Amino acid sequence: MIRVKWLVIVSLTSLVLASCSIFKGPVKESFTCALPLVNNQSDTLNIEIKVDGSSSMLGYVSDRSSRYVQTLKYLDRTLSIGGLRSNTSEPKYYRSSKSITRSDFKKAQQPSFYDGSNSKFPNISVPIQEFITPPGETDTLLAIVTDLDQAEGDVTILLKKIKETYLNKDQQGYAVGIWAIKSEFRGTVYVQKQSGRIQRFYFPNQQSTDRNRPFYVIFIGLYQDINRFFENLSNNNQNLLNESELAIFSPNNVVKEISYLDKDIESGPQKKQARSKEWSLKYKNLVKVQAQDEKSQLWEIYSRQTETFDIQNRVNLALFNYTLPIETSSITLKPNIRVFNKYSKKFQESDDSSLKSAIKIGQWNIDNTEQTNGQGKLGFTSTIQPDKLPEPGIYLFTFDIVAKKLQEPEWWNEWSWTANRDSNLDGSKTHNLSEFLRGLKTITTNLMEKNPPIIGRFCYAIQKN
């Protein structure tokens, strides 16, 4: 009798435990689509300003109020007062690759800095690649002022030096900025041919309708510092920008902010087929998925829905003002798929090839017609194929949107001297400029292809009933 009582008690206890397990409620899973912010910038910044002291620069100071002279003053004023970071050391100044004092640097506004008349500034001819020093333990920003007509017209050596020291996989966050300026110029232009022969001619002359000659400030350093300088320039000195072009080559910084999905759908499936959910999904009594932010789209798809449907999207695309435009044909996806396992009651990653085609994203287009402060629109189509979802349940899709190529601005060709198009005596353009800039772009995009920067993250939570 006692034994029977114990059996009854044990049976009842098992039933109670089983009931508790049954009515315990669904597994709760919250998720966010936001990427963490990364700061690879140290506290201090060392600045080096290097001015090409060769005789080819003499014509820029024939006018004491030329844009060239104004640029030297602006560089010194902005970089010497901590205009980029609060903790900035005093700039170091150089004539080509030789260290000079700030007082000597100010003489770069005068002819004696270039013409060899002052024994303190002898005639000098140093290839631009010799101006470039590798990064040290402390963040460094190089600002190199030059006409780019050096090194026997061979820009390959200069590009190689930039690649070896700054634009490579080991120097994350570094970039090259180009500030191209057309300045008043009266003097001799030197063009060194590949044969080694130097062609000399006076400019301005009748061979060119443009009376100004370009020079360049090449910035090499962390992207944040170069971009901050360009922003300061745009905000504080529009006069210098009237005859200027700005470009930043950065394999890591393509957009200001990561783009995310909008909850508001412009067009999508009929209500009877599927519906957009606001904050959470719940599958039976097994799992409840809660969105922590508004950066995801939640969809409930009915079991009778088998036909493919499209969702048209237009999301904000926060472009930088000075980086090269994205080539839309190079945009690709990096998917991550998690599926709720009803047995383990956990979400598990899946590499099921069928699931990878359950959502397809494409037909990219970038609209900058209404761009404000770098804010454009990225349009695309999301195609959902319900029949690729193998069974009822909840699926979490995360797509990192990456870009691998950049476009080329028109001014590269317009400012570059081109054989059979331009006169040999046209000093309003720079020999090999487009070759140099395209080389920088190639280095940048090669790094992007190996480690593509994320321009967007699109997250979808789908409940199939």
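Note that this is a predicted model, so its numbers are computed, not measured.

Here we come to the packing of helix 2 (residues 67-80) against helix 5 (residues 223-236). Between helix 2 and helix 5, whose axes approach to 12 Å, the crossing angle comes to 120°. When the axes of helix 2 and helix 5 are compared, the pair comes out oblique. Considering the relative orientation of helix 2 and helix 5, their crossing is right-handed. Residues Y74, L75, T78 and L79 of helix 2 form the contact with helix 5, whose participating residues are F229, N232, L233 and N236.

A word on the sheet that holds strand 5 (residues 139-146). Taken together, the 7 strands give an open sheet; going across it, the order is 4-3-2-5-9-6-10, and neighbouring strands pair in mixed fashion. Across the chains shown, the open sheet's two edge strands, defined by having one partner strand only, are strand 4 (98-100) and strand 10 (244-249). Strand-to-strand twist of the sheet, defined as the mean angle between neighbouring strand axes without regard to direction, takes the value 20°. Of the strand pairs in this sheet, strand 2 (residues 45-51) and strand 3 (residues 92-95) are connected by 4 bridges, and their pairing is parallel. Looking at the pairing, I49 lines up with Y93 of strand 3. The strands touched by helix 5 within the sheet are strand 2, strand 5, strand 6 (174-184), strand 9 (212-222) and strand 10, with strand 9 carrying the most contacts at an inclination of about 140°.

What follows covers the environment of E48. Relative to the helices and strands, E48 resides in strand 2. By relative accessible area, E48 is classed as buried at 11%. Setting aside its immediate chain neighbours within four residues, E48 contacts K92, Y94, T133, L141, L142 and A143.

What follows covers the nonpolar core. Among the nonpolar cores identified, the biggest contains 66 residues, and I178, F397, F436, L440, F458 and Y460 are the most heavily contacted of them. For this core, the element with the most residues is helix 9 (residues 433-450), which contributes 7 residues. Excluding its chain neighbours within four sequence positions, the residues that come into contact with I178 are Y216, V217, I218, F230, E245, L246, A247, F249, W411, F436, L437 and L440. L72, W179, F201 and F215 belong to the second largest nonpolar core, which has 46 residues in total.

Rules behind the numbers
Residues numbered from 1 in each chain as written. Predicted model: local features only at pLDDT ≥ 70, side-chain atom pairs only at ≥ 80, totals over all residues. Heavy atoms only, no water. Axes fitted to C-alpha atoms, helices over the stretch in contact; angles between N-to-C directions. Helix = DSSP H or I, 4+ residues; strand = E, 2+ residues; numbered from the N terminus. Parallel < 35°, antiparallel > 145°, perpendicular 65-115°, else oblique. Left-handed = near helix turned anticlockwise from the far one by under 90°. Contact = heavy atoms within 4.5 Å. Pairing = 2+ DSSP bridges. Buried < 20%, exposed > 50% of the residue type's maximum accessible area, 1.4 Å probe, protein only. Core = buried A, V, L, I, M, F, W, Y, C linked by side-chain atoms within 4.5 Å.

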